[in-house]
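# Topology and contacts: notes
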Amino acid sequence: MSKSHSPKSDQPKEATLSRQLAEFVSAGDISAFAALLEDHELSNPFTLSPADATTTATLLLCAYIYLNNLDAARFLIKRSSQSTLSDPRFNVLNGCVSALWIRDLPTFYATMASFRSTFPANSTLSAPPTPDELIAAISKLADEAVKDRMLKLVARAYKSINETDAISLLGKQPPVEWKREESNGVVLVLPSSVGENGSVRKQSGEGAKQLKDLTEYVVHLQMA
Amino acid sequence: MDEVAAHIIGAESKSLEKLHHLLKTASQNVLCSQTSDNKDPLLLLNPSTHSLGYLHILVARLSQPQADHAVAVSAASNFVDVFDRKQVNIAPEYMNMFGQAIFRLADRLQRPLAAISILRKAILGWPESPAFLTPLHPILFKACLLAKNYTAALPVLSVDISEVQPHAYNLRVQDFLLHHYYGAMLWIGLKRFDRAFDFLQLCITAPASVCSVIQIEAYRKYVLVSLILHGSFVPPPKYTSAAVIRACTSSYTSAYTDFAQSAKTGSVNRIQQALLKYHEHFAKHRNLGLAKQCVQSFNRRHVQQLTQTYITLSLADIAKGIRSTESVVEGGQEMETDTALEPDAFKEVERLVLRMVEENQVFATISHRDGGMVSFHDLPDKFNTEQTATTMDDQIRKSIAISERVARLSKEIGLSKDYVSKTMQMELIKGSSDRTSATLMTTGGLGGAGVGPNYDDEMQYEFDGPDDA
């Protein structure tokens, strides 16, 4: 993906890969983004230059943080070469994964904030995007995804929470809907969080299909 | 090489067996050489139409330590995309050698990732269905373990093996054992302890007159995974071979048995003491991480058990329960000794409960306003959603498919020569023992009573035989 290092014959392939990755980032389909990078890593074990391998690993690590797949992130770190591990950007993200692993969220947010300050994301990606642009875009999405996940978790797991704990878990100011109360410090009272999971099944209007399925089950039981 | 290439190109589908024997006798040097006009035979031959010959040359080339690996790997990658299964099935031992050679080359070049994609495509393209075991399966799993890329194995790992044909695929019993042992290690890495448990059980319960070292290693992991998954040791099934049970419950696994015994007490302290005691054992067998996960799982199990007794509980009480309350019998009286809780203990417990809520292991809400109280709730899912109905439909269809497969297997076994001859032997033995008991009954040996109305006719047929024409 770094044009200065790869032979000219690889450049159109790299440009295609970068374009595909940019499409997935724009669509928010980070699972497909990660799958494409995993396939790229497996299919080019000999032709991937150290710089390309590092860029691939960096993008993949951000994707795993977004997807909350910390096991895959740890295995990626374990199998990365020495040159990738000593890359400053990868090293910082390694620290982010370590912090997330032990749920040290204040450290994660601080480390991610300093990483993103070196890679400010543009509102649109160029065609094809550069590796730095892709890293900036995916790291922004990863940071926001972690904050969003923590907000949903806190809303689900707490009836009331100390304001300082809330800020350290969320990485930002809590929502204004949470009421403030003075009770051994400032406590935030959350709206009721226990609710039904999913929507109630509606009449699907697929009577014929259901009848067909039931008939197959009964025939199978009869034959057995 | 010209002669060999000519034979490969000219071979028809009926003469492939002859070609295979010819190539088997060709020397390594000939198979690795170029043609007389200095061309690489791998570039001249078509891997799709000349799969058998291509395979022989590829195996020879990959096995050469000084070979140009870039060309060989590229050829191997092309081969697994397009090879003809019928041709390759004539030489299953060569597919095994191909897998071994690719793995060794990747290992030699210290790029274990290189073997994964090629092996995976070979496995998905070679057998007629993914449910067939091949010798390439354990090689792929080993490559994924060494490359620390566990998810790459999932397309193969997630398919249950139900067909094992040793002759068709050149399988040994070690391939079966290693497939399930390595597969269990991959599932453990992916935190799917239920699947790991199944795989380890299949490895341990493989029929054996002598226990394999693979089964002993599998048993060690089986004990620990059983503790993580079920909270206690689940003994292997009754049909496990006696030789395996004897070996596995011997001194080879005494540390693990003791560790499982400590888990029976239900005291986290005891389990932690056992972990410290056998720390070196576990580290030597590379099971220390798994043993530590056992201790963590006990803490979680303790919190889950609390939900069955309490609706609301304080973080302090949960911390006391997890940490260090131990009954001590002293002077005939039971005393409880509470060790003082560190200030961080509440935070640690809160983090644990939050983690369990995140992973849906418990349904609870924490309230700081009430001084750190945890309220436990029932499962919020009422199972009345579209998703539940779809899941149930899928499971019913899977059950139907499995029962159809079992019926088909039962019919195949029933028609097999071995089964029929054994059944006939058993019938003859049973028949002769029936005649013996009948004879005893008619001569009063057994009391003489109870002779049926058609007995004389049956006896007549038995001893006189059918009339000849």
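Here goes a summary of the coordinates provided. Keep in mind that what you see is a predicted model, and the values were worked out from it rather than measured.

## Topic: the overall build of chain B
- Per the secondary structure count, chain B includes 25 helices and five strands.
- Long-range pairs, those at least 24 residues apart, make up 65% of the contacts in chain B between residues at least 6 apart in sequence.
- Accessible surface for chain B amounts to roughly 25,900 Å². Of this, 53% is attributable to carbon and sulfur atoms.

## With respect to the side chain of A:Asp165
- Along the chain, A:Asp165 falls in helix 9 (residues 163–170).
- If sequence neighbours within four positions are ignored, A:Asp165 has contacts with B:Lys347 and B:His368.

## Section: the packing of aromatic side chains
- The full count for this structure, using the stated rule, is 16 aromatic pairs over all chains.
- Relative to B:Tyr150, the ring of A:Phe75 lies with its centre 4.1 Å away and its plane at 25 degrees, an arrangement referred to as stacked. Within this pair, whereas A:Phe75 is found in helix 4 (residues 70–79), its partner B:Tyr150 is found in the loop between helix 10 (136–147) and helix 11 (154–157), the two belonging to separate chains. Accessibility assignment for this pair places A:Phe75 and B:Tyr150 in one class, buried.
- Arranged with centres 5.2 Å apart and planes meeting at 75 degrees, the rings of B:Trp126 and B:Tyr169 form a pair that is edge-to-face. Separated by 43 residues along the polypeptide, B:Trp126 in the loop between helix 9 (113–125) and helix 10 and B:Tyr169 in helix 12 (residues 166–169) bring together distant segments of the chain. B:Tyr169 matches B:Trp126 in its accessibility class, with the two residues each being buried.

## Details of the environment of B:Phe83
Residues and elements named next belong to chain B.
- Take Phe 83: it is sitting in the loop between helix 6 (69–82) and helix 7 (85–88).
- Under the relative-accessibility criterion, Phe 83 is labelled buried at 10%.
- Through-space distance from the C-alpha of Phe 83 to that of Ser 314 is 65 Å; in sequence the pair is 231 residues apart.
- Among all residues touching Phe 83, those that are not within four sequence positions of it are Pro 47, Ser 51, Val 88, Met 95, Ala 122, Gly 125 and Trp 126.

## Describing the interface of chain B and chain A
- Opposite the 46 residues of chain B that make contact, chain A presents 41 residues.
- Each partner contributes to the roughly 4,000 Å² buried at the junction of chain B and chain A, and carbon and sulfur atoms together form 54% of this total.
- Here chain B is connected to chain A by 18 residue pairs in polar contact (both at pLDDT 80 or more).
- Looking at the side of chain B that touches chain A, the elements that each hand over two or more residues are helix 6, helix 9, helix 22 (344–358), strand 4 (364–367) and helix 23 (386–415) of chain B.
- Top element by residues in the side of chain B that touches chain A is helix 23 of chain B. It accounts for eight residues.
- Within the side of chain B that touches chain A, the residues separate by chemical class into 16 nonpolar, 14 polar and 16 charged.
- In this structure, strand 1 (residues 158–162) of chain A lies alongside strand 4 of chain B, joined through two bridges in parallel fashion. Looking across to strand 4 of chain B, one finds that A:Ser160 is bridged to B:Ser367.

## A word on the pattern of salt bridges
- Evaluation of the coordinates by the stated rule reveals 24 salt bridges over all chains.
- With a closest N to O distance of 2.4 Å, A:Arg180 and A:Glu163 form a salt bridge. Residue A:Arg180 is located in strand 2 (residues 179–182), and its partner A:Glu163 is located in helix 9; the two are separated by 17 residues in the primary sequence.
- A salt bridge links B:Arg397 to A:Asp213; the shortest N-O distance between them is 2.6 Å. Of this pair, B:Arg397 sits in helix 23 while A:Asp213 sits in helix 10 (residues 207–223), which puts the two residues in different chains.
- By relative accessible area, B:Arg397 is classed as partly exposed at 35%.
- You can call A:Asp213 buried: its relative accessible area is 8%.
- Salt bridges linked by common partners bring A:Lys212, A:Asp213, A:Glu216 and B:Arg397 together as one network.

## A look at helix 15 (residues 213–230) of chain B
Residues and elements named next belong to chain B.
- In a regular helix each residue adds 1.5 Å, so 18 residues correspond to 26 Å; helix 15 covers 25 Å between its end C-alpha atoms and thus fits that length.
- Burial within helix 15 is extensive, with 14 of its 18 residues counted as buried.
- By the N-cap criterion, in which a side-chain oxygen at the helix start approaches the backbone nitrogen of a residue two or three places on, helix 15 is capped by Ser 212, the distance to Ile 214 being 3.1 Å.
- A positive phi of about 80 degrees marks Gly 231, the residue just after helix 15.

## A closer look at the packing of helix 21 (residues 315–322) of chain B against helix 22 of chain B
Residue and element names in this part refer to chain B.
- For the pair helix 21 and helix 22, the least separation of the axes is 9 Å and the interaxial angle reads 90 degrees. Judged on the interaxial angle alone, helix 22 and helix 21 are roughly perpendicular. Contacts between helix 21 and helix 22 involve Leu 315, Ala 316, Ile 318, Ala 319 and Ile 322 on the former and, on the latter, Ala 345, Phe 346, Val 349, Glu 350 and Leu 352.
- Residues that form the contact of helix 21 with helix 22 fall into these classes: nine nonpolar, no polar and one charged.

## Some points on the pairing of strand 4 of chain B
Residues and elements named next belong to chain B.
- Of the two faces of strand 4, the one holding Ala 364 and Ile 366 and the one holding Thr 365 and Ser 367 are both buried throughout.
- Relative to strand 5 (residues 373–376), strand 4 is paired through four bridges, and the arrangement is antiparallel. Each bridged residue has a counterpart across the sheet, and for Ser 367 the counterpart in strand 5 is Met 373.
- The loop that links strand 4 with its antiparallel partner strand 5 comprises five residues; one of these, Gly 371, has a positive phi angle of about 80 degrees.

Conventions and cut-offs
Each chain carries its own residue numbering, running from 1 in the direction its sequence is written. Chain letters and ligand numbers both follow the written order, the letters beginning at A and the numbers at 1. Owing to the predicted nature of the model, reporting of local features is limited to residues with pLDDT of at least 70; listing and counting of side-chain atom pairs is limited to 80 or more, with chain, interface and lining totals taken over all residues. The basis for every side-chain value is the complete set of heavy atoms in the structure, and neither hydrogens nor water enter the calculation. Helix numbering and strand numbering both begin at the N terminus, where a helix is a DSSP run of H or I of at least 4 residues and a strand a DSSP run of E of at least 2. In this analysis, two residues are considered to be in contact whenever any of their non-hydrogen atoms come within 4.5 Å of each other. With residues, only the protein chains shown are counted as cover, and all accessible areas are computed by Shrake-Rupley using a 1.4 Å probe. Aromatic rings from Phe, Tyr and Trp, taking only the six-membered ring of Trp, are treated as a pair when their centres fall within 6.5 Å; an angle between ring planes under 30 degrees marks them as stacked, one over 60 as edge-to-face, and anything in between as tilted. Burial classes: relative accessible area under 20% of the type maximum marks a residue as buried, over 50% as exposed, and values in between as partly exposed (1.4 Å probe, protein chains only). Buried surface area refers to the total accessible area, computed with a probe of radius 1.4 Å, that the two partners give up upon joining, counted for both partners together. Think of a polar contact as two N or O atoms within 3.5 Å of one another; within protein, one of them needs to be a possible hydrogen donor and the other a possible acceptor, and neighboring residues in sequence only count if both atoms come from side chains. Charged means Asp, Glu, Lys or Arg here, nonpolar means Ala, Val, Leu, Ile, Met, Phe, Trp, Tyr, Cys or Pro, and polar covers whatever is left, Gly included. Pairing between strands is defined by DSSP: at least two bridges between them are needed. Each salt bridge in this description consists of a side-chain nitrogen of Lys or Arg and a carboxyl oxygen of Asp or Glu lying within 4 Å of one another. To estimate the expected span of a helix, count its residues, drop one, and scale the result by 1.5 Å. A fitted line through C-alpha atoms represents every axis, and for helices the fit uses only the stretch in contact; the resulting angles, taken between N-to-C directions, go from 0 to 180 degrees. Note on angle classes: values under 35 degrees are labelled roughly parallel, values over 145 roughly antiparallel, values of 65 to 115 roughly perpendicular, and the remainder oblique.

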